[in-house]
Amino acid sequence: MPQWISRLILTAALALPAATAHAAGPGFLVAAPDRGFLGNEEIRDQFDAFDQHVPAQLVFVTDARTADNYRTAVQALKDEGADEIVILPLFVSRADARFAQLQQAAAANTGLATRSARPWGESYLAVEALAQQLPATGKGRLVLAGAGAHDADGATRIASDLRRIAHAAIAGTGFTQVDIAVWPEHKAPDADTLETKAQAVLTHAANSTAIPFHLGKRLDGMMALSLAQERSLPEHAHWIAESPPGPLLLTWMQREANRHQRWHDGANGDIGVIIAAHGSDWHWNDTMRQAVRPLAARYRLAFAYSMADRPIVERAVRRLEAQGAKVIVIVRVFGLEDSFRSSFLKMSGADVEQPYTTHTTTPGEHAHGHIAHTPTPAASHDHGHGHATGTGRIPSSALILTAGGLGDDRRFALALLDRARALSTDPSRETIILTAHGTNNDARNAEWLKVLDRIATHMRSAGADQFRNIRVATWREDWPDKSAEWIPRVRTWVETAARDGTAIVIPARTNGTGPEDKLLDGLDYRLGSGFAPHPLFAEWVESQVHQALDEARPNKSATHTATHSH
């Protein structure tokens, strides 16, 4: 077993309270399609580890009789002290025929508020489960064999969900095409026709890689849907045998439980915070650590200094997991809001899950119109230091969130104004010059200048209008053809200000200074420093934590006492 999977199992257990200390809170009902003895036992293996730490019940969805099993499970959770029910639907797709049975069972009034997590197939961990099965040298065509369709419409919807999962899993691999074959549910009205269509897809899969990806029948080692699917393949097709649900299922259960539990702050609480900043020498790094030290009384802290380097971020995630963090907020301490944003969204799995964050559908609500294409993360201007391996995502039992980017935040502006005031003796004769690193791209650099202008506006509204002037500039020092315009311009500003006053140069940076001493050599000016350490810096970090937590809290408006099918 790979070492990282062993760590996942350990950290999933560490992230949970002891089973003997259940307090009032949600009870978790894991609902999975009935797969037959072996398939059910494989799911139960993961559930048993989950059940040791939270009030949980496992229900296998069969037919109309599922309603009785559902009520029995809810009563058991009530007896354990649960004051609400959270359903964890272990389904690849909401279009699965058994999901409709779950909807019907969940429609009964149990007397407890009930809400639902997103199904397994809408989690980035399902993408990771498929990615782990892909051959390292895969290329060309990938065929997924799915299951669970009740009719042609269901088969189409399941195929769309599987295609979405597949495209996310194969990104960066040699696979260039995805085909989907969806087998019907055993008792589907037109099962023969649906199966014939599914078989036809596999029949034409010569020279392709085919993988079963479903929670279909698996009675024992000889009677399994995946074996029937394999028999439909022609010669010269590479079939990857069915992989039993493994630790990623446990990770998914725990992550969804962590999402829906009530989070507590405090030094030993549930919330971990990763400070993700560029980093520099020991002094720069330690200054950042000291700047957020006040937050250690309320959050578990870890640091990931890099330009979104996945191994460094994962190290911080594992550290916080081991300390018991259930939710981890990565605070991006970079200049602009979208700096490295897409990299962190991918690490957290949000690139897969974002299309589902705007609405959580309960099992009793009608669910149509799901995203069928590969989700595209928000545009970002990352700097391209890609050291990630595999898919680049970090499988974690903790709920990983991200927020940040200083931008023109008012706290940032007020801290920079304080830096200027500390150097000021006669504001009426002093010019503040805000400087930033800037970028090579002209459009992107223009965006930086607009941000600096807005920071200057905040400063003026807070009293900086007492100064003679505020100017803004980007050095662009890493690109000689770009800096040739800016360096002389800023030197002229400093010289002009010094004729009858002083220039106060304030680096609009997260910490410390930039190249000002070198680029302004020989001139008379006063040099300030960036945001951290300043009391408003820790306040800004905490505001980002609150923002991420507020956006991630389960939608209470979806809570209900009885779920009704439409």
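Scroll up to find the structure.
Now for a description of the structure that goes with this document. Please read these numbers as outputs of a predicted model, since none were measured by experiment.

Another aspect to go through is the overall build of the protein. The helix and strand inventory of the protein stands at 18 helices and 16 strands. Across the protein, every contact between residues at least 6 apart in sequence was considered, and the portion connecting residues at least 24 apart equals 80%. Summed over its atoms, the accessible surface of the protein is roughly 23200 Å², and 50% of this surface lies on carbon and sulfur atoms.

On to the side chain of Ser232. Position of Ser232 relative to the elements: it lies in the loop between helix H8 (225–231) and strand S8 (238–239). Here Ser232 falls in the buried class, since its relative accessible area comes to 13%. In this structure, Ser232 is in contact with Trp183, Gln199, Leu202 and Thr203, ignoring residues within four places of it in sequence.

This brings us to the pattern of salt bridges. Applying the stated criterion to the full structure yields 42 salt bridges. Ionic pairing is found between Arg44 and Glu41, a salt bridge with its closest N-O pair at 3.2 Å. Of this pair, Arg44 and Glu41 both sit in helix H2 (residues 37–51), 3 residues apart, which is roughly one turn of the helix. Owing to a relative accessible area of 33%, Arg44 belongs among the partly exposed residues under this scheme. We note a salt bridge from Asp351 to Arg393, for which the minimum N-O separation is 2.7 Å. Residue Asp351 is located in helix H13 (residues 350–353), and its partner Arg393 is located in the loop between H13 and strand S12 (399–404); the two are separated by 42 residues in the primary sequence. The buried category is assigned to Asp351, whose relative accessible area is 9%. Classification of Arg393 as buried rests on a relative accessible area of 3%. In the salt-bridge network here, residues are joined through shared partners; they are Arg118, Arg255, Glu256, Arg259 and Glu353.

Below, the discussion takes up the sheet that holds S12. Read across the open sheet, the 4 strands follow the order S10-S9-S11-S12; overall the sheet is parallel. If you trace the sheet from one side to the other, it starts and ends with strand S10 (300–305) and S12, each paired once. Along the sheet, successive strands turn relative to each other by an average axial angle of 25 degrees, direction set aside. Bridge analysis of strand S9 (residues 271–277) against S10 gives 6 bridges, and the strand direction is parallel. Along S10, the bridge assignment pairs Ile275 with Phe303. Its contacts with the sheet put helix H10 (residues 282–291) on S9, S10 and strand S11 (327–333), and the angle it makes with S10 is roughly 155 degrees.

Every second residue of strand S4 (residues 113–116) is oriented toward a common face, with Ala113 and Arg115 on one face and Thr114 and Ser116 on the other, all of them buried. The pairing of strand S3 (residues 82–89) with S4 spans 4 bridges and is classified as parallel. Bridging across to S4, Ile87 finds its partner in Ser116.

Moving on: helix H6 (residues 152–170). Between its first and last C-alpha, H6 extends 26 Å over 19 residues, near the 27 Å set by a 1.5 Å rise per residue. For H6, the side-chain oxygen to backbone nitrogen distance between the N-cap and Asp153 is 3.3 Å, and the N-cap itself is Asp151. Two residues or fewer after H6 comes Gly172, characterised by a positive phi angle close to 90 degrees.

Moving on to the sheet that holds strand S15 (residues 502–507). Reading across from one edge, S14-S13-S15-S16 is the order of the 4 strands in this open sheet, with parallel pairing throughout. Two strands in the sheet have a free side with no partner beyond their single neighbour: strand S14 (469–474) and strand S16 (526–527). Note that strand S13 (residues 430–436) and S15 share 6 bridges and pair parallel. When the sheet's bridge partners are listed, Ile432 is paired in S15 with Ile504. Across the face of the sheet, helix H14 (residues 410–423) comes into contact with S13, S15 and S16 while running at roughly 145 degrees to S15.

All told, the structure shown has 1 cavity of 30 Å³ or more when counted by the stated rule. Roughly 80 Å³ of internal volume is contained in the largest cavity. The residue inventory of the lining of the largest cavity, partitioned by class, reads 8 nonpolar, 4 polar and 1 charged.

Before going further, it helps to examine H10. Those residues of H10 that sit buried are Trp284, Asn285, Met288 and Ala291. Summarising the axial view, the buried residues of H10 lie within an arc of 125 degrees, below the 170-degree limit, and thus occupy one face. The exposed residues of H10 that point more than 90 degrees off its buried face are Trp282 and His283. Each element contacted by the buried residues of H10 is listed here: S9, S10, S11 and helix H18 (535–552).

Looking now at the nonpolar core. Counting 72 residues, the largest nonpolar core has Met288, Leu434, Ile455, Met459, Val494 and Phe537 as the members making the most contacts within it. In contact with Val494, other than residues within four places in its own chain, are Ile433, Ala503, Val505, Leu520, Leu523, Asp524 and Tyr525. Among the nonpolar cores identified, the runner-up in size contains 52 residues, and Phe28, Ala95, Ala117 and Leu130 belong to it.

A word on the pairing of S13. Most of S13 is tucked away: 7 of the 7 residues are buried. Side-chain alternation along S13 places Glu430, Ile432, Leu434 and Ala436 on one buried face and Thr431, Ile433 and Thr435 on a second face that is also buried. Both S13 and S14 contribute to a ladder of 6 bridges, which runs parallel. In the strand pairing of S14, Thr431 is matched with Asn469. Read from S13 through helix H15 (residues 442–461) to S14, the crossover connection turns out right-handed.

On to the packing of H2 against helix H9 (residues 247–260). It is the contact of H2 with H9, at a shortest axis distance of 8 Å, that shows an interaxial angle of 35 degrees. Note that H2 runs across H9; the crossing there is right-handed. Of the residues in H9, those touching H2 at Gln46, Phe47, Ala49 and Phe50 are Pro247, Leu249, Leu250, Met253, Gln254 and Ala257. For the contact of H2 with H9, the class distribution of residues is 8 nonpolar, 2 polar and no charged.

The next point concerns the packing of aromatic side chains. Counted under the stated rule, the structure contains 10 aromatic pairs. Arranged with centres 6.2 Å apart and planes meeting at 65 degrees, the rings of Phe28 and Phe50 form a pair that is edge-to-face. Here the residue Phe28 occupies a position in strand S1 (residues 25–33), and Phe50 occupies one in helix H2, the gap between them amounting to 22 residues. The class of Phe50 is buried, set by a relative accessible area of 0%. Through a chain of ring-to-ring contacts, three or more aromatic side chains come together here, namely Phe412, Phe531, Phe537 and Trp540. Just above the ring of Trp486 sits the side chain of Arg489; from NZ or CZ to the centre is 4.3 Å.

Criteria and thresholds
- Residues numbered from 1 in each chain as written.
- Predicted model: local features only at pLDDT ≥ 70, side-chain atom pairs only at ≥ 80, totals over all residues.
- Heavy atoms only, no water.
- Helix = DSSP H or I, 4+ residues; strand = E, 2+ residues; numbered from the N terminus.
- Contact = heavy atoms within 4.5 Å.
- Areas by Shrake-Rupley, 256 points an atom, 1.4 Å probe, with all protein chains shown as cover.
- Buried < 20%, exposed > 50% of the residue type's maximum accessible area, 1.4 Å probe, protein only.
- Salt bridge = Lys/Arg side-chain N within 4 Å of Asp/Glu carboxyl O.
- Pairing = 2+ DSSP bridges.
- Axes fitted to C-alpha atoms, helices over the stretch in contact; angles between N-to-C directions.
- Expected span 1.5 Å × (residues − 1).
- Polar contact = N/O pair within 3.5 Å; in protein donor to acceptor, adjacent residues only side chain to side chain.
- 1 Å grid on protein atoms, 1.4 Å probe; cavity = no way out; pocket = protein on both sides within 12 Å on 5 of 7 lines; lining within 4 Å.
- Points joined across faces, edges and corners; volume = space filled by probe spheres on them.
- Nonpolar A, V, L, I, M, F, W, Y, C, P; charged D, E, K, R; others polar.
- Arc of directions from axis to C-beta.
- Core = buried A, V, L, I, M, F, W, Y, C linked by side-chain atoms within 4.5 Å.
- Right-handed = clockwise from strand over helix to strand, strands pointing away.
- Left-handed = near helix turned anticlockwise from the far one by under 90°.
- Phe/Tyr/Trp six-rings, centres within 6.5 Å; stacked < 30°, edge-to-face > 60°.
- Lys NZ or Arg CZ within 6 Å of the ring centre and 35° of its normal.

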